[in-house]
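Geometric and topological summary
Single-letter residue listing:
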Amino acid sequence: MKIRVERDALADAVAWVARSLPNRPTAPILAGLLMNASGDEVTLSSFDSTTSAQVTMPAEVTDEGTVLVSGRLLNEIARSLPNKPVEMVSDHTQVELICGSARFSLQTLPVEEYPTLPEMPTQTGLVDASVFEKSVSQVVIAAGRDELLNVFTGVRVEINGDRLSLLATDRYRMALKELTWQPSSPDIEGAVLVPGRVLADTAKSLTSGKTVTVSLSTTESEGEGLVGFTGEGAKSRREATTRLLNQAFPKVRHLMDVVGTVTVRVPTADLLAAVKRVSLVAERNTPLRMLIEDDHISLEAATGDQAHASEAIEAQVGVVGEEKSIEAAGFNPHYLLDALGALDAPYAHFSFTAPGKPCLITGLATIDGDQLFDYRHVIMLMRLPS
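Computed from a prediction, not measured in an experiment: that's the story for all the values here. (Residues numbered from 1 in each chain as written. Predicted model: local features only at pLDDT ≥ 70, side-chain atom pairs only at ≥ 80, totals over all residues. Heavy atoms only, no water.)

1. Points about the nonpolar core
We apply this condition: As used in this record, nonpolar core signifies buried Ala, Val, Leu, Ile, Met, Phe, Trp, Tyr and Cys residues forming a set joined through side-chain atoms within 4.5 Å. Accessibility here uses a 1.4 Å probe with only protein chains present; expressed as a share of the type maximum, an area under 20% marks a residue as buried, one over 50% as exposed, and anything in between as partly exposed. In what follows, residue pairs with any heavy atoms lying within 4.5 Å of each other are defined as contacts.
Counting 99 residues, the largest nonpolar core has Leu44, Met88, Phe331, Phe350 and Phe352 as its most contacted members. Residues within four places of Phe352 in sequence aside, it is in contact with Gly260, Thr261, Val262, Val264, Met290, Ile292, Ile326, Ala329, Phe331, Cys359 and Leu381. Within the second largest apolar cluster, 13 residues are counted, among which are Leu167, Phe249, Met256 and Leu360.

Structure (structure tokens):
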């Protein structure tokens, strides 16, 4: 193999592919990064037996071929190269990399021992790249981090015609985002569970193009249940696949339809800033208290007898019925900060039913408006000490 590529393009491609390399590979060969030069392109690939990543970019190919080298080492080298064209020449035992006066020799790994990357499933639809990245980031904050409870680390992707829904929960909070997309078939339906971390990393890295192609296979005959994503950038094409989680996602979507008996509307930025300040003194595992008055809310937190903080914010409070069903609510301050940060709306609308029950948070364009945004976030309220 003999190729010539631009330094920045190579560094960017290697960095993206190397992100999928396993930290503790089950087999040493999986630490390798595969490079295939053909025609006027070079393709870089990685695979950890669950997730694959692939970048195809233009190159001056003098001799076609395939080599396998240490992915992490190549990534460190590519980042440190001077801003000059890069030449790579390989024989049966090593790859020589030349960039200006810098020269590196890397030992090759046996290509024949490297596993075959999974094929991209059948195209399911197209979604705007920036909208997809933003939507995933809004939802994935509610996904769990505990690998022992694997089902809660996933994001449920639901397809119903031209509606694409993303749903995640860690049992203490839930997030749902609904968006429109371009399905390959107008009557397509289905639901899969995608690893949240992989989905977030992939969505973030595919924003250089206008759209992201989503490809799904949910049967063993099509590849054990895979999801694939493809993004076409100005100078490269990126592809990623990952195996779907096969656990049954808990039935929590009905919690997104909370009908509040008490509602609170407040400017999102004001509330977010106040929560940040008051939560500075919140003791670990203790709630941030929201007191609901007739025309404002008050936030309170404390660290035993050592510190106490409170702040009041003007709010529009609504009550359904003759009596207010809830006077105060206890929030995990970190969960509330995450929800408000993801809301992306000028005003936040809180729907309460009773103490200790789920609270629904949605966004509003105006404080008196009726049109709620298509992002919903539910937080399980904490019990307040009497």
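2. A look at the environment of Asp187
Where we set the bar: A helix here means a DSSP run of H or I that spans at least four residues, while a strand means a run of E at least two residues long, and both kinds are numbered starting from the N terminus. For the purposes of these results, a polar contact is taken to be a pair of N or O atoms within 3.5 Å, where, inside protein, one atom must be able to donate a hydrogen and its partner to accept one; residues adjacent in sequence count only when each atom of the pair is a side-chain atom.
Along the chain, Asp187 turns up in the loop between strand 14 (182-183) and strand 15 (189-195). Within the structure, the side chain of Asp187 is placed 2.6 Å from the side chain of Ser185, a separation counted as a polar contact.

3. Focus on the sheet that holds strand 22 (residues 307-314)
Sheet strands associate in pairs through backbone hydrogen bonding, adopting either a parallel or an antiparallel arrangement. Worth spelling out the cut-off: Here, a strand pair is defined by DSSP locating no fewer than two bridges between the strands. Under this scheme, a helix contributes an axis fitted over its contacting stretch, all axes are lines through C-alpha atoms, and angles between N-to-C directions fall in the 0 to 180 degree range.
Judged by pairing direction, the sheet is antiparallel, and its 4 strands sit side by side in the order 22-21-20-24 without closing on themselves. Single-partner strands in this sheet number two, and they are strand 22 and strand 24 (328-331). Neighbour-to-neighbour, the strand axes of this sheet turn through a mean angle of 20°, independent of strand direction. Here strand 20 (residues 288-292) pairs with strand 21 (residues 296-303) via 4 bridges, running antiparallel. Residue Met290 lies in a different strand from strand 21, and its bridge partner there is Leu299. Against the sheet, helix 5 (residues 268-278) contacts strand 20, strand 21 and strand 22, and its axis sits at roughly 170° relative to strand 22.

4. As for the packing of helix 5 against helix 6 (residues 333-343)
Under the convention used in this document: Should an angle lie under 35 degrees it is considered roughly parallel, over 145 roughly antiparallel, and from 65 to 115 roughly perpendicular; all remaining angles are considered oblique. In a left-handed crossing the near helix is turned counterclockwise from the far helix by less than a right angle, and in a right-handed crossing that turn is clockwise. Residues are grouped as follows: Ala, Val, Leu, Ile, Met, Phe, Trp, Tyr, Cys and Pro are nonpolar; Asp, Glu, Lys and Arg are charged; all remaining types, including Gly, are polar.
Running from N to C, helix 5 and helix 6 point in directions that differ by 155°, and their axes come no closer than 10 Å. In terms of orientation, helix 5 and helix 6 fall into the roughly antiparallel class. The way helix 5 lies across helix 6 gives a crossing that is left-handed. Residues Thr268, Leu271, Leu272, Val275 and Lys276 of helix 5 touch helix 6, and the partners they reach there are Pro333, Leu336, Leu337, Leu340, Gly341 and Leu343. Looking at the contact of helix 5 with helix 6, its residues break down into 8 nonpolar, 2 polar and 1 charged.

Spatial relationships are all this shows, so hold off on functional conclusions.
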